[in-house]
Amino acid sequence: MTALVCVTGRFQPVHRQHLDLFEIALRDADHLVVAVTNPDPGARHEEVTSQHRHRASANPFTYFERAWLLAVALAERDLTGRSTVVPFDLTRPQHWHEYVPQAARQVVRAYSDWERHKARLLADGGYEVQLLDGDPVGHVSASEIRRRFAAGEAWEELVATASVPLLRELLSEHGARGEQ
């Protein structure tokens, strides 16, 4: 049987530490499921452990755009053949096993109460959970990347090199639509 592992996240946008976590998760697994949370606006809800997760400003990219960015980033790390990207609505635990098989071990790196809460949710949903302590020194957050987008500051070194052109294109399109 194929050993499955899963990493869940919003990936708004995917960054280098996400990719590092994917590689860590795959060290003792055959296949990675990348489960994209908040796949659509209806899946967003306030969460006491993370005050921004539900806000439009924290979710600038659609599920399609994030799946595309993930595909480019996974290809850069030569992980395309060992990974599958799926939507994963945290508000609908009764449907989780339709997207991520029960046999998949969930790998969660915790930097805050939100990630520890997410690990408990996944465990309550019947998944085996591997909780990794995140080192706050050098922590890269998508919130910081989005802040840099808005401020016109350099962000490119925080994301996969291959995703930079696509991110620039998406940011340009979002700007033309009045988003961001």
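Residues numbered from 1 in each chain as written. Predicted model: local features only at pLDDT ≥ 70, side-chain atom pairs only at ≥ 80, totals over all residues. Heavy atoms only, no water.

The name given to the protein in an unreviewed UniProt entry is Adenylyltransferase/cytidyltransferase family protein, with the source organism recorded as Pseudonocardia yunnanensis.

Peer 1: Sorry if this is basic, but what is going on with the nonpolar core here?
Peer 2: With 33 residues, the main nonpolar core has Val 7, Phe 11, Phe 22, Leu 32, Leu 70 and Trp 155 as its most contacted residues. In terms of residue count, helix α6 (residues 164–176) provides more of this core than any other element does, five residues in total. Excluding residues within four positions of it along the chain, Leu 32 makes contact with Val 5, Cys 6, Val 7, Phe 22, Ala 25, Leu 26, Arg 82, Ser 83 and Thr 84. Counting 15 residues, the second largest nonpolar core, distinct from the first, contains Ala 35, Val 86, Trp 96 and Val 100. (Core = buried A, V, L, I, M, F, W, Y, C linked by side-chain atoms within 4.5 Å. Buried < 20%, exposed > 50% of the residue type's maximum accessible area, 1.4 Å probe, protein only. Helix = DSSP H or I, 4+ residues; strand = E, 2+ residues; numbered from the N terminus. Contact = heavy atoms within 4.5 Å.)

Peer 1: Help me out: how do you make sense of the packing of aromatic side chains in this one?
Peer 2: What describes a pair of aromatic rings is the distance from one ring centre to the other and the angle between the planes of the rings. Summed over all chains, the structure comprises six aromatic pairs. Where Phe 149 meets Trp 155, the ring centres are 5.1 Å apart and the plane angle is 90°; that geometry is what we call edge-to-face. We note that Phe 149, like Trp 155, is buried. Linked through ring pairs, Phe 61, Phe 149 and Trp 155 together constitute an aromatic cluster. (Phe/Tyr/Trp six-rings, centres within 6.5 Å; stacked < 30°, edge-to-face > 60°.)

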